[in-house]
Amino acid sequence: MSQISTCLWFDGRAEEAMAFYLDLIPGSRVVDVMHWGETGPGTPGSLLMARLELGGMSLQLLNGGPQYTLSPAVSLSVDCEDQAELDRIWGRLLDAGGKTLQCGWITDPWGLSWQIVPRPLPAWLRDPDPVVAARVMHAMFGMVKLEFEGLRRAYLGI
């Protein structure tokens, strides 16, 4: 059976991003690394592509050059178990030079967008009671970094 993985395009900074991502998401690992050879166009011996297992997801990082850049059209979504995990990941991305957006979105220093989300949020947003779901959505729209307690209170109506 074929295996599918996401490939992210970098302009010479894939190795730097790889080290950061592996440190950011516990339990992640390098699966394979390929370097540029003498035929180029990259510098011989520099990283061409790395394949990672990032939080259980197959991800490739490619040093492809300046032709393309990352955009918010593609993002990595991290379901966090608790506020401490969410704060740790958010804080690391921000401290590394990330830029905050809204509703739990943040970009990393390489331009990759991340969604840092409390694990129960999708279920709260799908609540069969449209009033409950709307309360949670409204609370989320008012946040930059998502807060478990504020979202939980909106869900419960307290």
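Description of the structure in this document.

### Observations concerning the overall build of the protein
- Counting its secondary structure elements, the protein contains five helices and eight strands.
- When the elements of the protein are put in sequence order from the N terminus, they spell out β-α-β-β-β-β-α-β-β-β-α-α-α.
- Dimensions of the protein along its principal axes, counting C-alpha atoms only, are 65 × 35 × 25 Å.
- For the protein, with 158 residues in total, the buried portion stands at 39%.
- Within the protein, contacts between residues separated by at least 24 positions form 58% of all contacts whose residues are at least 6 apart in sequence.
- A total of about 8,800 Å² of accessible surface is found on the protein, and carbon and sulfur atoms cover 56% of it.
- Of the charged side chains in the protein, 12 are positive and 18 negative; the average position of the first set lies 5 Å away from that of the second.

### Overview of the sheet that holds strand β3 (residues 47–54)
- The mixed open sheet is built from four strands, whose spatial order is β1-β4-β3-β2. Looking at which strands have only one partner, the edges of the open sheet turn out to be β1 (6–10) and β2 (29–35). Neighbour-to-neighbour, the strand axes of the sheet open up by a mean angle of 20°, direction not taken into account.
- Pairing of β3 with strand β4 (residues 57–63) involves six bridges; the strand directions are antiparallel. By the bridge assignment, A50 is partnered in β4 with L61.

### Re unusual backbone geometry
- Despite not being glycine, C103 has its phi angle at roughly 60°, a positive value.
- Along the chain, C103 falls in the loop between β6 (99–100) and β7 (105–107).
- Under the relative-accessibility criterion, C103 is labelled buried at 13%.

### Notes on the pairing of strand β5 (residues 75–80)
- On β5, burial follows the alternation: L76, V78 and C80 on one face are buried, whereas S75, S77 and D79 on the facing-out side are not.
- Of the pairings in the sheet, the one linking β5 to strand β8 (residues 113–118) comprises six bridges and is parallel in character. In the sheet register, V78 faces β8, and the bridge partner there is I116.

### Let's talk about the packing of aromatic side chains
- Considering all chains together, one arrives at six aromatic pairs under this definition.
- Judged by centre distance (6.3 Å) and plane angle (70°), the ring pair of F20 and Y21 falls under edge-to-face. Both residues of the pair, F20 and Y21, belong to the buried class.
- Site record: aromatic cluster; members linked through ring pairs are F20, Y21, W110 and W114.

### Description of the nonpolar core
- Among the nonpolar cores identified, the biggest contains 39 residues, and F10, Y21, L61, W114 and I116 are the most heavily contacted of them.
- If near-sequence neighbours (up to four positions away) are discounted, I116 is found in contact with V78, C80, L86, I89, W90, L93, G104, I106 and L146.

### Description of the sheet that holds β7
- Overall, mixed pairing links the four strands, which are arranged β5-β8-β7-β6 in an open sheet. Bordering the open sheet on either side are β5 and β6, each of which pairs with just one other strand.
- Where helix α2 (residues 83–95) meets the sheet, it contacts β5, β6, β7 and β8, and its direction lies at approximately 160° from that of β8.

How each quantity is defined
- Residues numbered from 1 in each chain as written.
- Predicted model: local features only at pLDDT ≥ 70, side-chain atom pairs only at ≥ 80, totals over all residues.
- Heavy atoms only, no water.
- Helix = DSSP H or I, 4+ residues; strand = E, 2+ residues; numbered from the N terminus.
- Buried < 20%, exposed > 50% of the residue type's maximum accessible area, 1.4 Å probe, protein only.
- Contact = heavy atoms within 4.5 Å.
- Areas by Shrake-Rupley, 256 points an atom, 1.4 Å probe, with all protein chains shown as cover.
- Lys, Arg positive; Asp, Glu negative; His and termini not counted.
- Charge placed at Lys NZ, Arg CZ, Asp CG, Glu CD.
- Pairing = 2+ DSSP bridges.
- Axes fitted to C-alpha atoms, helices over the stretch in contact; angles between N-to-C directions.
- Phe/Tyr/Trp six-rings, centres within 6.5 Å; stacked < 30°, edge-to-face > 60°.
- Core = buried A, V, L, I, M, F, W, Y, C linked by side-chain atoms within 4.5 Å.

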